[in-house]
Structures are given as C-alpha cells and as structure tokens.
Amino acid sequence: MMENLLKLDNVNTHIGQYHILQGVHFEAKVGEVSVLLGRNGAGKTTTLKTIIGLTPATGGSVTFLNQDITKKPTYDIANLGIGYVPEDQGIFAQLSVEENIKVAMKKESEESKEKLEYVLNLFPDLKKFWKKAGGNLSGGQKQMLAMARAFVNDSKLLLIDEPSKGLAPIVIEKVMEAIVEMKKRTTILLVEQNFFMASKIGDSFTLIDDGKTVHQGAMKELIDNDEMKHKYLGIG
Amino acid sequence: MDLIISLVINGLATGMLIFLLAAGLTLIFGLMDVLNFAHGGLFVWGAYTGIFSYAYTGSFIVGIVVAILTGLVFGFIMEKLIITPVYGNHVQQILITLGFMLVLQEMIKVFFGPNVVAVKVPEYLAGSWQVGDIIIIKYRIFIIIFGFIVFGLFHYILTRTKVGLIVRAGVMNKDMVQALGINIKRIFLFVFMTGAALAAVAGVLMAPYSGSIYAELGMEYAILAFIVVVIGGMGSFQGSLFAAILVGLAGSFMAYYVPYLSLAVNMILMAVVLIFRPQGLFQAAKG
Amino acid sequence: MNKPILLSRSNLILFIIFLALIAFPFVMDSRTLTILLTQILIFGILAMSYDILLGYTGIVSFGHAMFFGIGAYCTAIMLNDFESTIGVFLGSIVVGMIIAGILSFLVGLLTLRLKSHFFAMLTMAISGLLLVVAEKWRDVTKGNDGFTFKAPDVFKDRIVFYLVVLALLVIVFITLKRFVNSPLGRVLIAVRENEQRTKSLGFKTLYYKVIASIVAGVIASLAGSLYAVSLRFVNTSVLTMEITLDALLMTIIGGVGTLIGPLIGSVVIESAQHYLSGLARDFPIFERWIIFFGIIYILAVIFFPKGIAGTLQSKYYQWKAKKVQTTNVVPLSKNKESSE
C-alpha cells in the first residue's frame, strides 16, 4: 500500500457568501496521477485552489506530507512542495519564458538546475522560445511553460487544472505524454473534463458533484461503470 | 531659443520631482491595487524632516538621508496599520488613505509649526552657469540628474534583480506569485516602503527648488502625481517618467505663455486621458 | 406628518427633536449658539447629500465641494447684483440647483463609468479645476479675497434665518428619506452592494448612479446657498477640498447610509470645531483639532464602518433580537454575528 501524500478530509470552502465545497474527501498517493472529475461547477477548480490556499478551507482539513496545511498561507504551502498550474495557466504575460521560470526557482542549486534541464528536454519548445514573452506563446506552449514552472519549484505534488482546455488534439497528445513522463518524478493531481485523456493517464479518480465527493476509486473501475459515467459526467 | 531651453530645463526639473512622487504611487497601485491618497503626506514629511535636519546639521546630504529614513519608517507604519486592514476594499482604501493624509498634514503643523518655512539651496548647488546667453540654474540640473539616476537605479532593480522580477510578476498576477512560493506580503511592504522613501526624497529635493515649504504642499504635489500616474498608466514605471516629464514641460511652458491655464492644462490632460483611455498611455499588462 | 404610518417610535423621537430645535432660539437667547446651530444644520444638509453618494450608492467623490461652491456663488452673486430680497434669494437657490444639476449630470456621465479609484481622482481634479477657474475669474468671484454682500432684510434676525434653514433641512431630510426608500433608492443600494450583479439583473447602473449624483449635487448646492447667506460673504474657500473633507468626515463619523448619521456627524464636528478651537487659546494642540477627527475617522473606517448612527442602530437591533431570542429560546449557535 502506497503512502498518502495529500489527504483532504471533509473540506468545506466558502467564497464570499457561497458555500462551494461542502465535504470533499480524497487522498492522492505518491507516484500516482489522481484525477478529479465532475461536471462544470462541481467544485473541482475550487478544490485545487483550496489545497494551494488561494481559497482557504473554512472547515475540514487538508494534510500534506503528514502536516496540516489547512490554514497555511499560499506561499508556505507552495514551499512545502506543491506546484500549481491554474486553469488559465497564470503566465506572466510580459515576462519572457526564462523570467517566468526564474520567478519560480528559489535557489540555484545543482538539483534545480538538473530539474530545469529535465523539463526543457521534456518541452523543447520552451528552450526555443527562451527569450520570448510569455503572453506571445501559443496555448499549448503556455500550458507547457506553466507545467515546467510548477515543476522546477521543487514540487512533490503538481496540481494541474484542465491542461487540455482549449488545445488542439495533437497538442493534447503532447501534454499527456509529458504528464506521463513527469509522473516518474512527482505525484500529480489533475482536474480534467476530457474523459478520454483522464482515463488514459489517470491511476485513480475522485468524482465530485455539488461540492461533495461522491465516489473515489481506481480509474479502471470508472471506465467500466457506464452508469456512473452517465450520471455524473453525462457521457456513455 | 534661449527661452525655450530654460523652459525645458524648468519643466524637466519639475517633471523629475513629480516623477519621484509618482513612481512610488504607480508601483504601489500596480502591485498592491492600492491607490494611496496619503502619498502627498509622505512627500511633505520628507520635506520637513529633511529640511529641518539640513538646517540643524548644515549638511544637505544628511537632510536627504533623514528624509529617506522618514519615508521608510512612515511607509512601514502606514502599510502595517493603515493599508493592511483594508486590502481589497477600494472604497475603504480611498477613505482611509485620505483620512491619513489629513492627519499627516496636520501633524506637520503640530511638530514644525503652521508657518511657511523658507529654504535655501545648499551653497555648492546654488548659483547658475552661463552658457552663451542662457542662464542655467545649477540646482535644477542637480534635480534632473538625481531624477535620472533614481530612474536608472530602479530600472535596473526592476529588470535585472530577483526582487524586481518578482515585483513585475506580482503586478501581472499576484496569486500566481504566491502559488510559486513567494510571500507577497513581504514584497508589498518592501514596495510600499520604497515608494514612501521616494516620495520623501522628492519632498526634500523640492524644498530648495520652490524656496519654501508648508503643510498643504503635499496635497498640491500629490494631485500632480495622480495626474501623472493616470496619464502614464497605473502600474507603469516607464509611463510615469514619460508622463511626469510631459506634465512638467506642459506646466513650465504654459506658465510662461498662458499663465492662467497652467494648472488647468494638466487637469484637462488627465480628464481627457481618463475618459478616452482610462488605462493610461502606457499600460501595465495584467497577466 | 399626519399619516399614521409615519408615527413610528423613531419618527416620534425625530419629531420631538424637531420641536426642540424650533423652541431652542426662543429658550436660549444666545447669538453664538444660534449661529453655531445654523452652521450645524447647513453642514447637515451638505453631509446628507454626500451620504446619498457614499452611503447609498457606494461611490466616493472628492469633488463634492464644487456643487456647494456653485450654490454659494450663485446666491452671493445674485444677491449682490440684484436687490437683496427674499425673491432673489429663492431665485438664486433655484438657479444654483439647476446649474449644479446640469454640472453633476455632465460630470457624472463622464466619470461614473470609471472604477472607484479613477472616479475619486477625476472628481478631485475637476473640482480642483473649478477652484482654479474661480480664482482666476476675479471679475466675478473676487478670488480668494472674496466679497461681502447684503442678505435679505428678514435674515437680519438670526432666528428667522435659523428657522428657515431648519425648515429646509426637514424638507430635504423627508425628501431624501422618500428618495432612498423609493424603488429607485433600492436600486442604488443594490449598486452599492454589488454593482456587477445589479448590472446583470438588467439595470443600467450608470443611469442610476448619475441620478444619485444629480440629487446629491442639487442638495449640496442648496447647502452652499444657505452657507453664503449665513456668512454674508463668499470666497473661493467654498470650492476647496476642505468642504468635501468636512462632508466626508461628518458622513463617516456619523454613519454612512443612514441620513440621520451625517446629521449627527455635523453636530459632532461643528460643535467640536467650535469648542476645541476655543480651547486652543490655553492648549495650542487644540488648534489642530482636525487631527483628532482624522484619527477617529481612520478608526471608524477600520472598526466602525457604520459610524455612530449605524453602530447604535445595529446595537439596538441586536438588543431587540436578543430580547426576542431569550423569550423564544433559539439555539445559541445561531446567535453568531455576521458582519456584512
């Protein structure tokens, strides 16, 4: 049995007066790709934001590496080793690719240099456009830059929000390959609408509906369960 | 021709003073989304503490250093006590910073007296050069050089150092900077204190230039700085230099040719920019 | 005031205060106090007009002085140039209100689509511009030196003028109360609470904000007219930032969004100004009485954003709710305060 890297226990989150998360549970195991699934507005993105502390939980607990991070500020959480790739990628538009990555690199150690080399091999496009402004990259390149940036920051867990959104199928393919490759070195928590992609690269899944966890299990289970897919994802 | 050159020098000197004031304002706005209506209060505090220490010690350099320290200390106190409680609430920010402006201005009168204080240019900067028919006042050149040095220094910090990189990234996307493990609150404090110090320096440099200081001066210059920040684009450092020079030149030429329009022209300039291009001429892009 | 609905307890209290204010000058024969009270009422009108903007619509204007100044100059100039009769006085009030209305319409149309920061700055600039114009246009305004003029003869008696101001204040109060409780006023409150949502509900929020700014501008002009007559003198100080600041301090300290709050604020600030500057002869620190208000104001913005009236009001409701709760035994956990 693998160790739980991240554990959410009955997490509740309010944004303003809205009660968005009303009881989210799940665990992410070391070395796995876990996928958060659910329809639009179910609370997947908020779950990621709650983990990274941008919309802190108002109830329940978030545990990472056996530490309670529920009330920690975002930068502390990030420094514990959680990388975050938001839905809109959060690229600093006027900074070059190089500068975007530099913001994330805390120290110029051998290890971080090696990590940088690794992601640049993974995403050769970034090397090609090293001096180009982040805002002028294509959608796929922005996605890669955001993933690379999250990864070099010493991340033990990557939170990636809808990497396939708005990308051409051929680019999605590339991003998928990269995620599978990065999985060898880090744990990944993915929010994904594209079930095809989710089913191909995910090891386990968590279904969220109306701000609550309704099911969690191995990805294989979901692939074979047409009824659940129909009920919560509107497919099959 | 001679006239034009002296008007240009005049305008550049005023422009540089406004730039020092506006630079902090624009960075604070761009990064923290806070429009500091008390910025002029820091300016006038810099002027008074600097000039009084200059008078006491006889050294203008000591005056400048004291002004910088005043700016840093006031900036620290203000960020912690006045700004932090009202982050994210624009209406409260506007109200509270204006209230603090009032307090700063009145406190000047308590500590330094309500009267106008006359200020002399330090001896080594006094006087003028004569080049052909043109008389160039030394102190104005000093202000212009000082302004460009500050611009160069900050331009270097913003584009070549890690802190500068983080500040620029923060202007574009605060949340993302935090999610990359950077304590943005500390950066906020740093930028706020720096902006306050710049305002205070502007104050102490302005004093010998205008020859006298009084408590209400802060508000007058702050309005010019607002105009500059709006014209230059909120959050744009280069924009504020450009706009400050523009406002300085417009002021100096108007004061000579159409004196009754001199203040009005800047206000009209700002109104036109706000109405037709509310993001300013230079826009600090958000991510 | 003979409709039964109006006879609630709070209206009764207001009515008693009103009667007391009418009786005041006849009971207390003090010229200084009558003048002070007149001043309080005039600034009360100004502060109430500011409350329409800040308290009910949630917009911060730093240019409110321009409407006050327009009223002051209209009345001063007309009373000076024509006969100083009641007719001219009333006419000047109307003219001032019309000009202020047109100006606030134009300014509002141009500026109210901007975000709060920019709006505050632009109103500050426009008002500053008007001040510059007034200072340069000496033929008409006599600049900073100003000019004295004759007030209508009836106002020679300070008490008559006081009563006129009081009557106008009551009319303004009732009118504004009706205005904010009308469907239109409800939309303004919705704009304050969440402009985006109000917009998405299909309201043209700009239109409502412009109306609020016209109402506020027109009433401020009335206050300016009265102010000029009370001094029999006008200069460019009626257009300065100080006037806007006074209105702002009164509204914040008294309590935004209550109408009665700004009146309380006016009482507090005007009487403090009066008595504290009196103390200044012995204790020079009181010369700078505004510092205390600046500090109180800052604390109010942070800790009591509802001001005196708002805080008292919510305390009163809490106390009432508690009374109901103890009789009904509602679970304590639901008793949590929720701030807005």
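No experiment lies behind these values; they were computed from the predicted model shown.

With reference to specific residues and values, describe the overall build of chain B.
Broken down by element type, chain B carries eleven helices and four strands. Here chain B has a C-alpha radius of gyration of 19 Å; the compact-globule value for 287 residues is 19 Å, and the two agree. The principal-axis extent of the C-alpha atoms belonging to chain B is close to 60 × 40 × 35 Å. For chain B, with 287 residues in total, the buried portion stands at 54%. Sequence-distant contacts, at least 24 apart, represent 77% of the contacts inside chain B between residues at least 6 apart.

Which residues make up the overall build of chain C, and what are the values?
Per the secondary structure count, chain C includes 14 helices and two strands. The principal-axis extent of the C-alpha atoms belonging to chain C is close to 70 × 50 × 50 Å. Each of the 340 residues in chain C was classed as buried or not, and the buried ones make up 46%. Put simply, 78% of the contacts in chain C that link residues at least 6 apart link residues at least 24 apart.

Can you explain the interface of chain B and chain C? Please cite residues and give values.
On the chain C side, the residues contacting the 32 residues of chain B number 30 residues. Those elements giving two or more residues to the side of chain B that touches chain C turn out to be α4 (90-112), α9 (217-232) and α11 (262-276) of chain B. For the side of chain B that touches chain C, the element with the highest residue contribution is α4 of chain B, accounting for 14 residues.

Outline unusual backbone geometry, listing residues and values.
All names here are of chain A. Residues other than glycine seldom take positive phi values, yet Asn-66 does so here, at roughly 65 degrees. In this fold, Asn-66 is placed in the loop between β4 (59-64) and β5 (67-68). Backbone geometry places Gln-89, a non-glycine residue, at a positive phi of 70 degrees. For Gln-89, the position within the fold is in the loop between β6 (82-85) and α3 (97-104). Exposure remark for Gln-89: the 24 C-beta atoms within 10 Å place this residue in the buried category.

I'd like to hear about the arrangement of the chains, residue by residue, with values.
Contacts are most numerous between chains B and C, considering all two pairs of chains that are in contact. Spatially, chain A and chain C are disjoint, and the shortest separation between their C-alpha atoms is 10 Å.

Give a detailed account of the interface of chain A and chain B, specifying residues and quantitative values.
Across the contact, 20 residues belong to chain A and 17 residues belong to chain B. For the side of chain A that touches chain B, the per-class residue count stands at twelve nonpolar, five polar and three charged.

So what's going on with the pairing of strand β2 (residues 128-131) of chain B? Residues and values would help.
Side-chain positions along a regular strand alternate between the two faces of the sheet. In this sheet, strand β3 (residues 134-137) of chain B lies alongside β2 of chain B in antiparallel orientation, the contact comprising four bridges. Bridge pairing links Gln-130 of chain B to Ile-135 of chain B in β3 of chain B.

Tell me about the packing of helix α4 (residues 110-122) of chain A against helix α6 (residues 139-152) of chain A, and please be specific about residues and values.
Residue and element names in this part refer to chain A. At a minimum axis distance of 9 Å, the contact between α4 and α6 shows a crossing angle of 160 degrees. When the axis of α4 is compared with that of α6, the two are roughly antiparallel. Crossing of α4 against α6: the hand is right-handed. Two secondary-structure elements touch here, α4 through Ser-112, Lys-115, Leu-116 and Val-119 and α6 through Ala-148, Phe-151 and Val-152.

Mind laying out the sheet that holds strand β7 (residues 157-161) of chain A, listing which residues take part and the relevant values?
Residues and elements named next belong to chain A. Ordered in space as β6-β7-β8-β3-β9-β10, the six strands form an open sheet in which the pairing is mixed. The sheet is open, and its two edges are formed by β6 and β10 (212-218), each paired on a single side. Neighbour-to-neighbour, the strand axes of the sheet open up by a mean angle of 15 degrees, direction not taken into account. Bridge count between β7 and strand β8 (residues 187-191): five bridges; the pairing is parallel. Note on β8: the bridge partner recorded for Ile-160 is Leu-190.

Before we move on, can you summarise the pairing of strand β9 (residues 204-209) of chain A with the specific residues and values?
Residues and elements named next belong to chain A. With four bridges connecting them, strand β3 (residues 33-37) and β9 associate as parallel partners. Opposite Leu-36, over in β9, you have Thr-206 as the bridge partner. Here β9 hands over to β10 after two residues, with Asp-210 in that stretch at a positive phi of 50 degrees.

Can you tell me about the environment of Asn-10 of chain B, naming the residues and giving the values?
All names here are of chain B. Tracing the sequence through the fold places Asn-10 in helix α1 (residues 2-32). For the pair Asn-10 and Tyr-56, spaced 46 residues apart in sequence, the C-alpha separation works out to 29 Å. Contacts of Asn-10, omitting those with residues within four sequence positions, involve Arg-140 and Ser-252.

I'd like to hear about the sheet that holds strand β1 (residues 4-15) of chain A, residue by residue, with values.
All names here are of chain A. In spatial order, the strands read β2-β1-β4-β5; together these four strands make up an open sheet with antiparallel pairing. In this open sheet, the two edge strands, each paired with only one partner strand, are β2 (18-29) and β5. Sheet topology note: the β1/β2 ladder contains nine bridges and is antiparallel. Residue pairing across strands places Lys-7 opposite Glu-27, the latter belonging to β2. The strands that helix α1 (residues 44-52) touches are β1, β2 and β4; relative to β2, the one it contacts most, it runs at about 75 degrees.

Scoring rules and cut-offs
Residues numbered from 1 in each chain as written. Chains lettered and ligands numbered in written order. Predicted model: local features only at pLDDT ≥ 70, side-chain atom pairs only at ≥ 80, totals over all residues. Helix = DSSP H or I, 4+ residues; strand = E, 2+ residues; numbered from the N terminus. Rg over C-alpha atoms; globule rule 2.2 N^0.38 Å. Buried ≥ 20, exposed ≤ 12 C-beta atoms within 10 Å, placed from the backbone. Contact = placed C-beta atoms within 7 Å. Nonpolar A, V, L, I, M, F, W, Y, C, P; charged D, E, K, R; others polar. Pairing = 2+ DSSP bridges. Axes fitted to C-alpha atoms, helices over the stretch in contact; angles between N-to-C directions. Parallel < 35°, antiparallel > 145°, perpendicular 65-115°, else oblique. Left-handed = near helix turned anticlockwise from the far one by under 90°.

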